[in-house]
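Fold and geometry: a report
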Amino acid sequence: MPIDKAYRARTSAIVACLLLLTPHLAYAVMPDGMEMPPSVTRNVPANVPVATSSDQVEIGNFSFSPMALTVAAGTKVTWTNHDDIPHTVVSDDDPHLFKSPPLDTDDAYSVIFQKPGTYRYFCSVHPKMVGTIIVKAP
Ligand SMILES: [Cu+2]
């Protein structure tokens, strides 16, 4: 049928035009001299801490275990909540050096400790739940 043929020819012409125009359109919306958006994976700032080792604190039965954990500076400490109710991990310091969101069952929260010192923390939902991370010079 001639009409159908003409329609198809016009449709493929439009598609071909769009394909040809697309790279130019992309240039049009990105003005010259504009920097490309920073890539999260490629432009890692130099001051992002990198853990040299890791250790764990388990949260269960309304307590942190071990209550006191000694690690070398550069250690990533991960708290995991095994209770059925939410807990948090909040440093005693004001302002807080670290403060987790409420951790549901099996949720984990990590902090990399770079500076030697004694870091006391508690659960903001149950302030009687306390713990300490002791960070030694490596
Ligand atoms: Cu708690």
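Just so it is clear, the model here is predicted, and its values are computed rather than measured.

**As for the confidence of the model for the protein**
Of all residues in the protein, 66% have pLDDT values of 70 or greater, and the mean over the chain is 79. Confidence drops under pLDDT 50 across residues 11-42; counting only partners more than four residues distant or on other chains, this segment forms one contact.

**Description of the pairing of strand S4 (residues 75-81)**
Every regular strand shows the same layout, with side chains that alternate between the two sheet faces. The alternating pattern of S4 places Thr-75, Val-77, Trp-79 and Asn-81 on a buried face and Lys-76, Thr-78 and Thr-80 on a face that is not buried. Where strand S1 (residues 53-60) meets S4, seven bridges bridge the pair, whose relative direction is parallel. Note on S4: the bridge partner recorded for Ile-59 is Asn-81. Across six bridges, S4 lies against strand S6 (residues 108-113) in antiparallel orientation. From the neighbouring strand, Thr-78 faces S6, where its bridge partner is Ser-110.

**Structural notes on the environment of Ile-112**
Relative to the elements of secondary structure, Ile-112 occurs in strand S6. Under the C-beta neighbour-count criterion, Ile-112 is labelled partly exposed, with 16 such atoms within 10 Å. C-alpha separation for the pair Ile-112 and Thr-75, spaced 37 residues apart in sequence, amounts to 5.6 Å. Apart from the residues within four sequence positions on either side, Ile-112 is in contact with Pro-49, Ala-51 and Lys-76.

**Quick look at the sheet that holds S6**
Strand order in the open sheet made by the four strands is S2-S1-S4-S6, with mixed pairing throughout. The open sheet is flanked by strand S2 (63-65) and S6, the only strands paired with a single partner. Averaged over all neighbouring strand pairs, the angle between strand axes comes to 25°, with direction disregarded.

**As for unusual backbone geometry**
Here the bond from Ser-65 into Pro-66 is cis, since omega is 0°, no more than 30 degrees from zero. Following Asp-94, the chain continues into Pro-95 via a peptide bond in cis, with omega recorded as 0°. On the secondary structure map, Pro-95 appears in the loop between strand S5 (90-91) and S6. Backbone geometry places Asn-61, a non-glycine residue, at a positive phi of 50°. Turning to its location among the elements, Asn-61 is positioned in the loop between S1 and S2. Accessibility expressed as a C-beta count within 10 Å gives 9 for Asn-61, which makes it exposed. The phi angle at Asp-106 is positive, at roughly 75°, despite the residue not being glycine. Mapped onto the secondary structure, Asp-106 falls in the loop between S5 and S6. The exposed category is assigned to Asp-106, around which 9 C-beta atoms lie within 10 Å.

The rules behind the values
- Residues numbered from 1 in each chain as written.
- Predicted model: local features only at pLDDT ≥ 70, side-chain atom pairs only at ≥ 80, totals over all residues.
- pLDDT = per-residue confidence, 0-100.
- Contact = placed C-beta atoms within 7 Å.
- Buried ≥ 20, exposed ≤ 12 C-beta atoms within 10 Å, placed from the backbone.
- Helix = DSSP H or I, 4+ residues; strand = E, 2+ residues; numbered from the N terminus.
- Pairing = 2+ DSSP bridges.
- Axes fitted to C-alpha atoms, helices over the stretch in contact; angles between N-to-C directions.

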